[in-house]
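# Fold and geometry: a report
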Amino acid sequence: MFENMTEQQAREQILQTVADYCKRYHNVKAPFEAGQRIPYASRVYDEKEMVNLVDSALEFWLTAGRYTDKFEHDLAAYLGVKYCSLVNSGSSANLLAFMTLTSPLLGEKAVKPGDEIITVACGFPTTVTPAIQFGAVPVFVDVTIPQYNIDVTMLEQALSDKTKAVMIAHTLGNPFNLAVVKTFCDQHGLWLVEDNCDALGSRYTLDGKIQFTGTFGDIGTSSFYPPHHMTMGEGGAVYTNNALLNKIIRSFRDWGRDCICPSGCDNKCGHRFDRQYGELPLGYDHKYVYSHFGYNLKATDLQAAVGCAQIEKFPQFVERRKHNFTRLKDALQGLDDKLILPKACPNSDPSWFGFLLTCREGVDRNAVVEYVEAHGVQTRMLFAGNLTKHPCFDEMRKTGKGYRAVGNLENTDRIMTNTFWVGVYPGMTDEVIDYMASIIRKAAEKDVLT
């Protein structure tokens, strides 16, 4: 097949064949029919992602390489931040972000076991898990409805002399009140970690300046799991404008090593064998000096290759999400006596991950969900609902140790009982959005709701 071809010519032929294959077998979609399954999220891709994936495979570098470098550069440029590190998942990104705050290089500001981290119980567990596993104490604050973000009026009540950080997510793409949260952190010398895994592409205006969420705090995180705003299968990112934090992020990500040389690159700093570290012998190989108890959280170049194609499409993805959200919300007007519709945070421009609905008193969420699901529309709960009610908290609830809550988390419990959401991902057509709206509206008009 490749006789009389150079390697480059053979490669080009393979990639052209892959592109043709994708167009023929992956990019052909059947017309939508009422009742067919509508997932809350799905991958949106074309031949470019598949060609990049195979191109990387043909190099067979496998670990982080040129596609990783390009993706980190491109995402940093998109967000307007100085530093970006690709990792293997959004959960790993949150682990890395939190553990960075524990580095001894941060001196008195370093988080230590027993220190407190202000967060919310209404969200995804891996925003909180790293703190608990380290031995820090999450302090749970209630959220508001219909914005589903932290109730900023309770921040001062959550504060103690042990508080070191605030680590919270922008719920389903809706930014939390960054003006208040950032001011609170600045006034009290606290770290701010933005879990941006469900909000990539969301914007917020602060002091007249528009920025992407994830870039206001000290560290931001993203996820590239298939349902998220963009995907590389598995993957995530950690980003910051702080050079010291970036150094620590890279160290924890790459086994905890002190050396900054990338894999496959020796002596980039020019001091591989001429320095003293700890109680090691003078001149001990810097590539095997460890300044942190770290991990291997890197992604592969295969994943990064897919991400490089996705990020080119990403601005279009964001606009389609906004379009789908607005169309669905417009179509559901007039149901206020049955369902609470979501509302954007003031001064924000969300890149919506989903469309949240809270059933009013007298409306049975389970009945609504059952009806909607029976008609092909996939639903999801707002993740943990109330994380403290889950089996993983059983022992802490029994002992009364390991976390504390501010107030009774009334709205958090209400969301756990009465809230669900449907998707608005960019692969949805107007026809699909209109069908979803009709099903939700029909459910609202049926006795099944009361």
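Residues numbered from 1 in each chain as written. Predicted model: local features only at pLDDT ≥ 70, side-chain atom pairs only at ≥ 80, totals over all residues. Heavy atoms only, no water.

## Digging into helix α4 (residues 90-100)
α4 sits mainly inside the fold: 10 of its 11 residues count as buried. Within α4, burial applies to G90, S92, A93, N94, L95, L96, A97, F98, M99 and T100. A distance of 3.4 Å separates the backbone nitrogen of S91 from a side-chain oxygen at the start of α4, and that oxygen is part of S89. (Buried < 20%, exposed > 50% of the residue type's maximum accessible area, 1.4 Å probe, protein only. Helix = DSSP H or I, 4+ residues; strand = E, 2+ residues; numbered from the N terminus. Polar contact = N/O pair within 3.5 Å; in protein donor to acceptor, adjacent residues only side chain to side chain.)

## Let's talk about the nonpolar core
The biggest cluster of nonpolar side chains holds 34 residues, and the ones touching the most others in it are I118, I150, V166 and V181. Ranked by residue count, the leading element in this core is helix α7 (residues 178-188), at four residues. Those residues in contact with V181 that sit more than four places away from it in its chain are I150, V152, L155, V166, I168, F176 and L192. (Core = buried A, V, L, I, M, F, W, Y, C linked by side-chain atoms within 4.5 Å. Contact = heavy atoms within 4.5 Å.)

## What about the sheet that holds strand β4 (residues 163-169)?
Here eight strands make up an open sheet; going across it, the order is β1-β9-β8-β5-β4-β2-β3-β13 and the pairing mixed. The open sheet has two free edges, formed respectively by β1 (83-87) and β13 (404-405), since each of these has just one partner strand. Here three bridges tie strand β5 (residues 191-195) to strand β8 (residues 219-223), and the two strands are oriented parallel to one another. Pairing of E194 across the sheet is with G220, part of β8. (Pairing = 2+ DSSP bridges.)

## Things to note about a nonpolar patch on the surface
A cluster of nonpolar side chains, contributed by W255, L280, Y284, Y288 and Y290, occupies part of the molecular surface with about 520 Å² of accessible area. Take Y290: it is sitting in the loop between α8 (243-253) and α9 (301-331). (Patch = residues over 30% accessible without salt bridge, like charges linked within 9 Å, V, L, I, M, F, W, Y side chains within 5 Å. Areas by Shrake-Rupley, 256 points an atom, 1.4 Å probe, with all protein chains shown as cover. Salt bridge = Lys/Arg side-chain N within 4 Å of Asp/Glu carboxyl O.)

## Here we look at the environment of P346
Inspection of the secondary structure assignment puts P346 in the loop between β10 (339-340) and β11 (348-349). It is 9.9 Å that separates the C-alpha atoms of P346 and N174, two residues lying 172 residues apart in sequence. Not counting residues up to four positions away in its chain, the partners in contact with P346 are Q147 and Y204.

## Digging into the sheet that holds β10
Pairing within the open sheet is antiparallel, and its three strands lie in the order β10-β12-β14. Both edges of this open sheet fall to β10 and β14 (419-423), since each of them pairs with a single strand only. Examined bridge by bridge, β10 and strand β12 (residues 354-359) share two bridges and lie antiparallel to one another. Residue pairing for β12: I340 is matched across the bridge by T358.

## Things to note about the pairing of strand β9 (residues 236-240)
Across the five residues that make up β9, a large majority, five, are buried. Of the two faces of β9, the one carrying G236, V238 and T240 and the one carrying A237 and Y239 are both buried. Where β1 lies against β9, five bridges are found, and the strand directions are antiparallel. Considered in β9, the bridge of V87 is made with G236. Pairing of β8 with β9, which is carried by four bridges, proceeds in the antiparallel orientation. From the neighbouring strand, S223 faces β9, where its bridge partner is G236.

## A few points about helix α2 (residues 47-59)
The terminal C-alpha atoms of α2, which comprises 13 residues, lie 18 Å apart, in line with the 18 Å expected from a rise of 1.5 Å per residue. The set of residues buried in α2 consists of E47, E49, M50, V51, N52, D55 and S56. Tucked inside the fold, the buried residues of α2 contact α1 (7-25), α3 (66-79) and α9. The backbone nitrogen of K48 lies 2.9 Å from a side-chain oxygen of the residue at the head of α2, namely D46. At the C-terminal side of α2, F60 shows a positive phi close to 55°. (Expected span 1.5 Å × (residues − 1).)

## Structural notes on the environment of F325
Its location among the elements puts F325 in helix α9. Each C-alpha atom, one on F325 and one on V424, is 5.9 Å from the other, the two residues being 99 residues apart in sequence. Not counting residues within four places of it along the chain, the set of residues in contact with F325 comprises P342, W352, G354, F355 and V424.

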